[in-house]
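Listed below are the residues making up each chain.
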Amino acid sequence: MKDADETGATLADWAGGNINQTASIQPGGCLVEIGGGRVLSASVNTLSVLGTDARDLLGTPLTECFTTEAVERLEQGFEGLPPPYYRSSIFGIHPFGDDRIFDIAIHRNEGRSIIEFESLPRERPTFDADVIQPLLDRIRSSQTVERVWSLSAHFLRELTGFDRVMVYRFAREGGGEVISESLGGELPSFLGRRFSAGDILPEARERTMRYLPSMFADIEMPPVPVVSIASGGPETLDLSQAAHRAVAPERLRSLRDMGVAASMSISFLRDEAPWGMIICHHPRPHRPDFRVRLSAEMLTRFASAEISRREEALETAQADRARGQYDRVIALVEAGEAHPGDLGELRRTIGEAIEIDGLALSEGGRYRTCGHTPTEAECLGLARHMERRGGHERLSSTSSLAETHPGLVAKERGIGGVIALPIRGWAGGFVMLFRSEVQAPRGRTDDSGTLGRDETGVVFPRSFEHRDEAAGGRCAPWTGGDLRAAEVLRVALLEFARVRAEAALCRSKEKFRKLAFYDPLTGLPNRALFVDRFAAVAAKIRRSRKEMILLRIDVDHFKDINETFGRQAGDTLLYTLAQRIENALEGRETLARLGADEFAAIVRHTGPVGRIEAVTDRIRKAVSMPLVLNGTEVSPSVSMGAAIFPHHGHDQRTLMHCADIALYRAKATARGTCAVFDDTMTVETGNVREIESDLRLALARGELVLAYQPQLDVAEGRVTTVEALVRWKHPRRGLLPPHEFIPVAESTGLIHALSSWVITEACRQIRIWRDAGLDVRVGVNVSTIDAQQDNVLTTLDAAMERHGISGSNLEVEITETLLLEPGGEAAKALFDGLRARGVHVAIDDFGTGYSALSYLKDLPCEKLKIDRVFIKDMRDIKSRVLVEAIVGLGRNLGKIVVAEGVETPDQYHALKDVGCDMLQGFLFARPEPADRLPALLGEIAEAVRSGYAGPENRPLRVG
C-alpha cells in the first residue's frame, strides 16, 4: 500500500499550493508529461517508482531530470511516434545512470508527450521472438477460425498468468458474446455468455478502435493523482492512450461482482473496425510486466490478422455461393412474370447461401411468409419500426430481435434475428430473412438500478449478475459472410419482390377498375367515367361545331319509396329504371348514375329543341311503365333538366350546373317533366345572386365559423386529426351548411376569399390549441377551382408565418376531381408546393374516379378518404367489395385510408374488419365548435378505452 500512503501524504502536503490535480492513474507505474523540454505534469508516486519527488520534477528541464543518454533515447522515441496510434516503447533504459532499469511507453498528446515508467523486476523472463514465434506458427497452422480463437486464448493465459482468458466478439447491434476461453481452474466458465450493450463499459469500443489495451492490476487499489503546475487554472490531462489510466472505482463494480480482482483487455480489429476483445481475469491482484503485456498485444494483433484473413476467405466463398444462387432467383423472377414465384422455392434457394429459417415478403401492403417467421401483423409492425429507425438503407440486420425491436414479435414465436432489405419505389416494404433463436446462458446487469454515473456523467453498470436463461429473441449472429451474401442476392431478391408486388397491385387495380368505373348496383358508368366521356365527346363536338345535350335525371319521390317499401325495394326500382332509361336512349348515348337517385346522360344533338323532346318523351314513357315492389304496383316517374353544349356552357361543371337549375325548375313546375335551361329561369339565378351578395357581406362581417369533426385512428384508439368544416351564421336563415353556399362561391369567384379565410382561421386555432397543450393536426378543404390557382400556397405561407406553426400541423384535403382535370399540371404544382412545406395531403371523396389512380403512386399524399356513398351501402356485398378494394389499393400504395360518414356500429365493425385505418362520422362525433373540442377528444378516448363510442349521450358499443 506504499503508493496509496504516499498519495494521501503528498496531496495533504501540497494542499493550497501552486499545484493542480489534472488526472489520475493506477498504481504500479508512474507518469510524467513533457512539453517544451520540461516536466509539466507528474504522478505523485514518482518518489516510490523513480526515487525522485514529483515536486522536484515539475517545471524541471528534461536534461536535468535524466542522463544525457536517456534524454537522447527519449527524444528518439518522441520523433518515432507513428500515426495513427502515436505510441512507442523503449526497453531497458537507465534514466539516472545507476543500476535501476525501466521499460517505458511514450505516446503523444497534441504538442506534448507522456512517458509511463515501469521498473523491471530483478528476475524477469525473456519474451522475444524465439518465445513468441512458435506460438504464432501454431496459430497460423490452425485449420479453422474456431481453432485460432481457442489457441489465442490458451497461449495468452500461459503467457500472462491470468486464470481466465476469453475471446469476446462484439455483436453488430451492441453487446456481444464469449466465443472461446481458456481456464486455469479458479474462475468459472463464461463460454457462450451474451452481454447486452449496457454491460460494456462506454469507452471499450472506442479504445478498441485504437488498439489500446486496458489493465487493472488490483481493482481495490485507489488511483494515484497526476498533478501539474498551475497556469491560469486547472486543465484536465488527456490520458486516454495511457496504459495506466484510471477509471472511477464505481465503474469496476461489475468486475468485483464477478469475483475478479485483476483484469486486462486487448482489442481485436478487423479492417480497422472493432471485432472484439481478449479479456483476461484473475481472482487476485495480478500484474504482468510491461514486456509480457507487449508480447500479449503482439500475439493478439497476429491473431486478429489471422482471423481477418480466414473470415475473409469464408465470406468470399459464401459470396461465391450467393452469386451461384443469384441466377436461380432471377429464374424464379422470370417464371413469376406471369405467375408469381413460389416462396418455398425462394427460401430453399437463399438457404444454399445463407442459413435462414424463414422469410417474409412485402406484397401489396401485406406480408407473405414462408417457414419459421413472425405473423403477418408482426411483420408489418417490424417494417414500420424499421422505417421509423431509418431502415431505408441498403441492408439492416439484428441478431437480437427482442432487444432492438422490443415487443413487436411474441416470445413464443422463437424468432431470434432478421436481415431486412428495403424495397424502394412505390411498392415499399422489406424482404425479411429470419433466423430462429438459440438457447444459451447469458450475463446481464441487474434489472433494477443497473446503471450509474460517475463524476464526469459517464454511464457505467452498477452491478453484474449471471443468470442462466434462454437468450430470448437472439439467434446465431449474422456473420459478415451472411451480410455479404445478402448483399449479393439483394438485387435479385428485390426484383423478385417487385414482380410479386406488381402482380398483387395489378390484381387489385383490375378488381378496382371493374368496380370503380361502374356503379355496383346498376352496372352503369359512375361519375368518374361520365366526366371522362363528357370530355371526349366535347372535344369531338368542338371540332365538328355541333351540339350535345347534358341531361340530368332524378327519380321522383324516391325517398318516399325507400321509406315505404324499404331499401331493397328502392334498389330494385333504381336497377329497373336504369335499364329502362338505357333502352330508351337506344344504347347510343352515355347514361351514368351519379349517386342515390341521380342519373345523367350525354345525348348527341344535331337538330332543334324537338330532338330533346323526342329523347325525353321516350325516357318518360319507358320509366312510367308499372312495376311491382313488395307486392304493390307502382308507376314511377322521373324529372329531367337539360343544358346544351356549347350554348349554356363550355365545360362539364358549368353545363351540369345549368342542367341542375333546369331540373329544379321541372320539379317545381310539374314532376315527371323535362325543362331546358334558359336565362329566364329567374328564381334560381336570383337565389344565386342573393347568396352571392350575402356571402360577400358575411366575409366582411365575420359571419363564417369553423366546426371541427374528429378522425379516429383505429389502431391507436385516439383522435390524431380533425377536419375543419365551414359554417355560415346567416342573419336570416340561421346556420347554413357548406353545400348551400360553396357552389355559389365557386361559380362567382368568392371561393378564393373563402378558402383564404378558412386556412387562416384554422392556423389561428392550431396556435391556440398548441399553446394549451393540445397536439392535433387540422385538415382543411381546398376546392378544385381554388387548387388550380397560385393563391393556396401563398395563403398557407402567410397564415403559418403569422401564427407560428409548421406545415406538419396542417392537412390539406383535395377532391379526387382535381386529379381528373386535363393535363394535371395544377395538381402536380400544388402537391409539390405542399410537400416542400411539410403539409400533409389527403385525397377526398376517393372512389368516385378511377382516372386518379395513375397519379396516386407518384403524388406525395398520405391519406385516401373513401367517399361516404360507399360507406352508406356497406351492407350491400358489392359496396363492401368496393370498399375492400379501395382499402387494399391504399395498402398497396402505402396510404392511410379514412372512411367518412360512419354512422352505425355495423359500419364501424365492417370497416374495422376490412382494415380501414381511420374513421370519421356521427357515430363518434358531429362537427363541434373549437372550444368544445378538447373535452370531446377526452370523451372519445375514454369511450374507446372502455369499448364504447357514440354521439352525444348515446354511447354505442364498437369495441
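Structure shown above.
The following paragraphs examine the structure supplied in this document. For every chain, the first residue of its written sequence is number 1, and the numbers climb from 1 along that sequence. Where totals are concerned, whole chains, interfaces and linings use all residues; where local detail is concerned, this predicted model gives features only for residues with pLDDT of at least 70, and gives and counts side-chain atom pairs only at 80 or more. By convention in this description, side-chain values take in all heavy atoms of the structure and omit both hydrogens and water.

**Observations regarding the overall build of the protein**
Working step 1: Helices and strands together make up the secondary structure of the protein, namely 31 helices and 40 strands.
Working step 2: Per-residue burial for the protein yields a buried fraction of 53% across its 959 residues.
Working step 3: Within the protein, contacts between residues separated by at least 24 positions form 67% of all contacts whose residues are at least 6 apart in sequence.
Working step 4: Working note: accessible area of the protein is about 42000 Å², and carbon and sulfur atoms make up 50% of it. The helix and strand labels rest on DSSP assignments: H or I over at least four residues marks a helix, E over at least two residues marks a strand, and numbering proceeds from the N terminus. The cut-offs for exposure are 20% and 50% of the maximum accessible area for each residue type, with area from a 1.4 Å probe on protein chains only; residues under the lower value are buried, those over the upper are exposed, and the others partly exposed. The contact criterion used is simple: two residues touch if any of their non-hydrogen atoms lie within 4.5 Å. Using the Shrake-Rupley algorithm and a 1.4 Å probe, accessible areas are obtained, with residue cover drawn only from the displayed protein chains.

**Some remarks on the pattern of salt bridges**
Working step 1: Salt bridge, as applied in this entry: a Lys or Arg side-chain nitrogen positioned within 4 Å of an Asp or Glu carboxyl oxygen. Under the defined criterion, the tally for this structure stands at 38 salt bridges.
Working step 2: Of the charged contacts, one joins E345 and R348 as a salt bridge, the two residues approaching to 3.0 Å between their closest N and O atoms. Here E345 and its partner R348 are both found in helix α11 (residues 343–351), three residues apart, which amounts to about one turn of the helix.
Working step 3: E345 sits in the partly exposed class, given a relative accessible area of 25%.
Working step 4: Here D519 ties to R593 by a salt bridge, and the two come within 3.1 Å at their closest N and O atoms. Within this pair, whereas D519 is found in the loop between α14 (480–516) and α15 (527–544), its partner R593 is found in strand β24 (residues 590–595), the two being separated by 74 residues in sequence.

**A closer look at the pairing of strand β11 (residues 224–229)**
When a strand is regular, its side chains alternate between the sheet's two faces.
Working step 1: Counting buried positions along β11 gives five out of six residues, so the element sits mostly inside the fold.
Working step 2: In the sheet, strand β3 (residues 38–43) pairs with β11 via three bridges, with the strands oriented antiparallel. Bridging from a neighbouring strand, S41 pairs with S228 of β11. Here, a strand pair is defined by DSSP locating no fewer than two bridges between the strands.

**Thoughts on the environment of Y664**
Working step 1: Position of Y664 among the secondary structure elements: in helix α19 (residues 652–669).
Working step 2: Taking relative accessible area as the criterion, Y664 reaches 45% and is therefore assigned partly exposed.

**Some thoughts on the packing of helix α16 (residues 558–565) against helix α17 (residues 567–584)**
Working step 1: As a packed pair, α16 and α17 sit with axes 6 Å apart at the nearest point and diverge in direction by 135°. In terms of axis orientation, α16 runs oblique to α17. Within the contact between the two elements, α16 uses F558, I561, N562 and F565 and α17 uses R567, A569, G570, L573 and L574.
Working step 2: Among the residues forming the contact of α16 with α17, the class breakdown is six nonpolar, two polar and one charged. Axis lines are fitted to C-alpha atoms, over the contacting stretch for helices. Their N-to-C directions set the angle, which ranges from 0 to 180 degrees. For this classification, under 35 degrees means roughly parallel, over 145 means roughly antiparallel, 65 to 115 means roughly perpendicular, and everything else is oblique. Side-chain classes follow a simple rule in which Ala, Val, Leu, Ile, Met, Phe, Trp, Tyr, Cys and Pro form the nonpolar group, Asp, Glu, Lys and Arg form the charged group, and the remainder, Gly included, forms the polar group.

**Observations concerning the side chain of N526**
Working step 1: Following the sequence through the fold, N526 ends up in the loop between α14 and α15.
Working step 2: When its relative accessible area of 9% is taken as the criterion, N526 is described as buried.
Working step 3: Here a polar contact is recorded for every N or O atom pair within 3.5 Å, except that within protein the pair must consist of a potential hydrogen donor and a potential acceptor, and residues adjacent in sequence are included only if both atoms are side-chain atoms. Within the structure, the side chain of N526 is placed 3.1 Å from the backbone nitrogen of A528, a separation counted as a polar contact.
Working step 4: A distance of 3.2 Å separates the side chain of N526 from the backbone nitrogen of L529, its partner in a polar contact.

**Some points on a negative patch on the surface**
Working step 1: Residues E69, E72, E75 and E79 make up a contiguous surface patch of negative charge.
Working step 2: Summarising the element assignment, E69 is placed in helix α5 (residues 68–79). Only residues above 30% relative accessible area that lack a salt bridge enter a patch, with like-charged residues linked at up to 9 Å and the nonpolar side chains Val, Leu, Ile, Met, Phe, Trp and Tyr linked at up to 5 Å. Neither His nor the chain ends contribute to the count of charged residues, in which Lys and Arg are positive and Asp and Glu negative. To locate a charge, take atom NZ for lysine, CZ for arginine, CG for aspartate or CD for glutamate.

**Focus: helix α7 (residues 145–160)**
Working step 1: Multiplying one less than the number of residues by 1.5 Å gives the expected span of a helix. Taking 1.5 Å per residue, 16 residues should reach 22 Å; α7 reaches 23 Å between its end C-alpha atoms and fits that length.
Working step 2: Of all the positions in α7, only V145, V148, W149, L151, S152, A153, F155, L156, L159 and T160 are classed as buried.
Working step 3: A positive phi of about 85° marks G161, the residue just after α7.

**A short note on the packing of helix α22 (residues 751–771) against helix α24 (residues 791–803)**
Working step 1: Where α22 meets α24, the axes come as close as 9 Å, and the angle between the chain directions of the two elements is 25°. Classified by the angle between their axes, α22 and α24 sit roughly parallel to one another. Where α22 crosses over α24, the two elements pack in a sense that is right-handed. Counting all contacts with α22, which are made through H752, S756, I759, T760, C763, R764 and R767, the residues of α24 involved are N791, V792, T795, L796, A799, M800, R802 and H803.
Working step 2: Taken together, the residues of the contact of α22 with α24 sort by class into six nonpolar, six polar and three charged. Helix crossings get a hand from a simple test, with the near helix turned counterclockwise from the far one by less than a right angle marking a left-handed crossing and a clockwise turn marking a right-handed one.

**Topic: unusual backbone geometry**
Working step 1: The residue after F645, namely P646, is reached through a cis peptide bond having omega 10°.
Working step 2: Residue placement: P646 occurs in the loop between β28 (638–645) and α19.
Working step 3: You will see that A596, though not glycine, has its phi angle at about 50°, which is positive.

**So, the sheet that holds strand β9 (residues 194–195)**
Working step 1: Pairing within the open sheet is antiparallel, and its six strands lie in the order β9-β8-β7-β13-β12-β10. Looking at strand neighbours, the two that pair on one side only are β9 and β10 (214–216), the edges of this open sheet.
Working step 2: Bridge count between β10 and strand β12 (residues 262–270): three bridges; the pairing is antiparallel. Within the sheet, the bridge partner assigned to M215 lies in β12 and is M264.
Working step 3: Where α7 meets the sheet, its contacts fall on β7 (164–170), β8 (176–183), β12 and β13 (273–282), and the angle it forms with β8 comes to roughly 55°.

**A closer look at the environment of C674**
Working step 1: Mapped onto the elements, C674 comes out in strand β29 (residues 674–676).
Working step 2: Relative accessible area serves as the criterion here: at 24%, C674 is assigned to the partly exposed category.
Working step 3: Distance in space between the C-alpha atoms of C674 and L551 is 9.2 Å, their sequence separation being 123 residues.
Working step 4: In contact with C674, not counting residues within four places along its chain, are L551, T616, R620, M640, A642 and A666.

**Describing the sheet that holds strand β15 (residues 366–371)**
Working step 1: Taken in spatial order, the five strands line up as β15-β14-β18-β17-β16 in an open sheet, and their pairing is antiparallel. Edge positions in the open sheet fall to β15 and β16 (396–398), since each of these has one partner strand only. For this sheet, the mean angle separating the axes of adjacent strands, direction not counted, is 15°.
Working step 2: Sheet topology note: the strand β14 (residues 358–363)/strand β18 (residues 430–436) ladder contains four bridges and is antiparallel. If you follow G358 over to β18, its bridge partner there is F434.

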